[in-house]
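So you can see what is in the structure, the chains are spelled out below.
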Amino acid sequence: MIKYDLAVIGGGPAGMAAALRARECGVEKIIVLERAETLGGILEQCIHTGFGLHYFKTELSGPEYAARFIELVEDSDIEVKIDTMVLSISDDNVVTAVNKTDGLLEIDATAVILAMGCRERPRGALNIAGTRCAGVLSAGTAQKYVNIDGYMPGKEVVILGSGDIGLIMARRMTLEGAKVKMVCELMPYSSGLTRNIVQCLDDFDIPLKLSTTVIDIHGKERLEGVTIAKVDDNRRPIPGTEEFVPCDTLMLSVGLIPENELSKNMGIEFDPVTNGPVVDELRETSHPGVFACGNVLHVHDLVDFVTKESQIAGEGAAKYILGGKTDKKYVKTKGINGVRYIVPQKIDLANEGDVELYFRVGDVHKNAKIIVTYNGQEIISRKRPRLAPGEMENVVIKNDMLKNFDENGIIEIQVED
């Protein structure tokens, strides 16, 4: 068994940023475990631009954004093991992993940072009728085929779901010569960023059909077409609105799921909305010394926010390692009246700085107001011209406010039209 101060599970943008910040804060013995053959995570296949506008103040592609952090990690004394699968994390933070070079590894870590990212929701979760023919795949898988492997999944494409990966792949497939017939979205609004709707669909005259879903898949060996239909307010197909669309490829962009199998096996407390761990302002989970950041915590729309959050987790882990365990008294956060969730879910009253609360709304709102209350009393009010589920919002709780809060008090955020 090898002793480390900090073990970081995942070598994507979250894991690298967390490890680097922990090192800056004085943590000496750090190891990053990554199951892929390279660092960088999902960014390696995201060759489009739009990354880094907030963090680096310049427009980068995914690999360029990742490369900046990979270079920093390689220039540091942080140990990295790629092609390494983590099997479990014990109650006393012993990480068991395996790779073909070292065999079975046991790492005794003072603190652990979870940064495993997320995975796509598969076809099996959608209950779409039809055959199991070739040509039905997730948008992320199609992205890997096109951008990394150099394969075209098909020529006539229908995309189900208007998540950002689906929107980006609509443009990518068009640029590669395919015909993207439409993007169908079950909800009455898109779940992607506004800029992606404009740049990926509007600029290429690709229709976005809202309140529409795929109800049947046709084809024996290869996909021959899909049947789409309008849905009602309960998201059920409306009889008489069915339409057959010939195509050889159906891409699914129907949501991302935090990769939390390790976390669940540890018995960590989960948020039922985010499907990620419940954390405090330093991103510490209910398990002492275990922190979470990035898409394993909640799905982000911008990698810049992932980096910022992961640096918070890195600082939190450093405080835990260098300062030891402390008793914490929390005030809780809760989203109501249009706010689906808030991260962090609790704040330590002894926190020394301001705390930024990230949240998502459940519907599109125009000319709305965000109201923050503490135990029912309004403390912050902000006007927003537009709120959408696909774009994360934030408010800052000043430290001066926090000092006046009590243990088990509740900070609530709501939307007022």
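Rules used in this analysis
Residues numbered from 1 in each chain as written. Predicted model: local features only at pLDDT ≥ 70, side-chain atom pairs only at ≥ 80, totals over all residues. Heavy atoms only, no water. Core = buried A, V, L, I, M, F, W, Y, C linked by side-chain atoms within 4.5 Å. Buried < 20%, exposed > 50% of the residue type's maximum accessible area, 1.4 Å probe, protein only. Helix = DSSP H or I, 4+ residues; strand = E, 2+ residues; numbered from the N terminus. Contact = heavy atoms within 4.5 Å. Pairing = 2+ DSSP bridges. Right-handed = clockwise from strand over helix to strand, strands pointing away. Axes fitted to C-alpha atoms, helices over the stretch in contact; angles between N-to-C directions. Parallel < 35°, antiparallel > 145°, perpendicular 65-115°, else oblique. Left-handed = near helix turned anticlockwise from the far one by under 90°. Nonpolar A, V, L, I, M, F, W, Y, C, P; charged D, E, K, R; others polar. Expected span 1.5 Å × (residues − 1). Arc of directions from axis to C-beta. Salt bridge = Lys/Arg side-chain N within 4 Å of Asp/Glu carboxyl O. Phe/Tyr/Trp six-rings, centres within 6.5 Å; stacked < 30°, edge-to-face > 60°.

> Would you take a moment to explain the nonpolar core for this structure?
Burial of nonpolar side chains together is a common tendency in soluble globular proteins. Membership of the largest hydrophobic core comes to 36 residues, with the highest contact counts inside it found for L6, I30 and I113. Elements with a contribution of two residues or more to this core: β1 (2-9), α1 (13-24), β2 (30-33), α2 (62-75), β8 (103-114) and α7 (303-323). Contacts of I30, omitting those with residues within four sequence positions, involve Y4, L6, V8, A19, A22, R23, I78 and E79.

> Looking at this model, I keep getting lost on the pairing of β2. Mind explaining?
A regular strand places its side chains so that they alternate between the two faces of the sheet. Burial of β2 is two-sided: the residues I30 and V32 facing one way and the residues I31 and L33 facing the other way are all buried. Relative to β2, β1 runs parallel, the two sharing 4 bridges. Bridge pairing links L6 to I30 in β2. A crossover links β1 with its parallel partner β2, the connecting element being α1, and its sense is right-handed. As judged from the 3 bridges shared by β2 and strand β5 (residues 79-81), these two strands associate in the parallel manner.

> Explain the packing of helix α4 (residues 164-175) against helix α5 (residues 194-201) here, please?
To describe two helices that pack against each other, one gives the angle between their axes and the distance between the axes. For the pair α4 and α5, interaxial distance at closest approach is 8 Å and the crossing angle is 20°. By the angle between their axes, α4 is roughly parallel relative to α5. In terms of crossing hand, the pair formed by α4 and α5 is left-handed. Contacts between α4 and α5 involve D164, L167, I168, A170 and R171 on the former and, on the latter, N196, I197, Q199, C200 and L201. Counted by class, the contact of α4 with α5 contains 6 nonpolar, 2 polar and 2 charged residues.

> Just checking my understanding: could you explain the sheet that holds strand β17 (residues 243-246) for this structure?
Either a parallel or an antiparallel arrangement is found when strands of a sheet pair, and the pairing is made through backbone hydrogen bonds. Pairing within the open sheet is mixed, and its 4 strands lie in the order β10-β15-β16-β17. Each edge of the sheet is formed by a strand with only one pairing partner; in this case those strands are β10 (129-130) and β17.

> Hey, could you run me through the sheet that holds strand β24 (residues 355-361) in this one?
The strand order across the open sheet formed by 3 strands is β22-β24-β27, and the pairing between neighbours is antiparallel. Strands with a single pairing partner mark the edges of an open sheet, and in this sheet they are β22 (339-343) and β27 (393-397). Averaged over all neighbouring strand pairs, the angle between strand axes comes to 30°, with direction disregarded. As paired strands, β22 and β24 are joined by 4 bridges and run antiparallel to one another. Looking at β24, one finds that Y341 is bridged to R360.

> Explain the side chain of N351 to me, please; I cannot follow it from the model alone.
Here N351 lies in the loop between β23 (346-348) and β24. Apart from the residues lying within four places of it in its own chain, the contact partners of N351 are E281, N399 and L402.

> Any chance you could explain α2 here in plain terms?
One turn of an α-helix holds 3.6 residues; hence residues three or four places apart share an orientation. Between its first and last C-alpha atoms α2 spans 20 Å; for 14 residues at 1.5 Å apiece the expected length is 20 Å, and the two agree. Those residues of α2 not exposed but buried are G62, Y65, A66, F69, I70 and V73. Along the long axis of α2, the arc covered by the buried residues comes to 130°, so they all point the same way. Those residues of α2 that are exposed and angled more than 90 degrees off the buried face are E74 and D75. Of the surrounding secondary structure, the elements contacted by the buried residues of α2 are α1, β3 (49-51), β4 (60-61), β5 and α7.

> Would you explain the pattern of salt bridges in this entry?
Between side chains of opposite charge, pairing is possible as soon as their charged atoms come close. Per the counting criterion, the structure on display carries 19 salt bridges. Note that R21 is salt-bridged to E315, the shortest N-O span being 2.4 Å. Placement of R21 in helix α1 and of E315 in helix α7 is noted, with a sequence separation of 294 residues between them. The exposure class assigned to E315 is partly exposed, which follows from its relative accessible area of 29%.

> What exactly am I supposed to notice about the packing of helix α3 (residues 139-149) against α4 here?
Closest axis-to-axis distance for the α3/α4 pair is 9 Å, and the angle between their directions is 35°. As for the relative orientation of α3 and α4, their crossing is left-handed in sense. Along the contact surface, α3 presents A139, G140, A142, Q143, V146 and N147, while α4 presents I165, G166, I168, M169, R172 and M173. Partitioned by chemical class, the residues of the contact of α3 with α4 number 7 nonpolar, 4 polar and 1 charged.

> I'm lost on the packing of aromatic side chains in this one. Help?
Scanning the entire structure with this criterion turns up 8 aromatic pairs. On the numbers, 6.3 Å between centres and 75° between planes, the contact of F291 with Y320 is edge-to-face. Here the residue F291 occupies a position in strand β20 (residues 290-292), and Y320 occupies one in helix α7, the gap between them amounting to 29 residues. In this structure, F291 and Y320 share a single accessibility class: buried.

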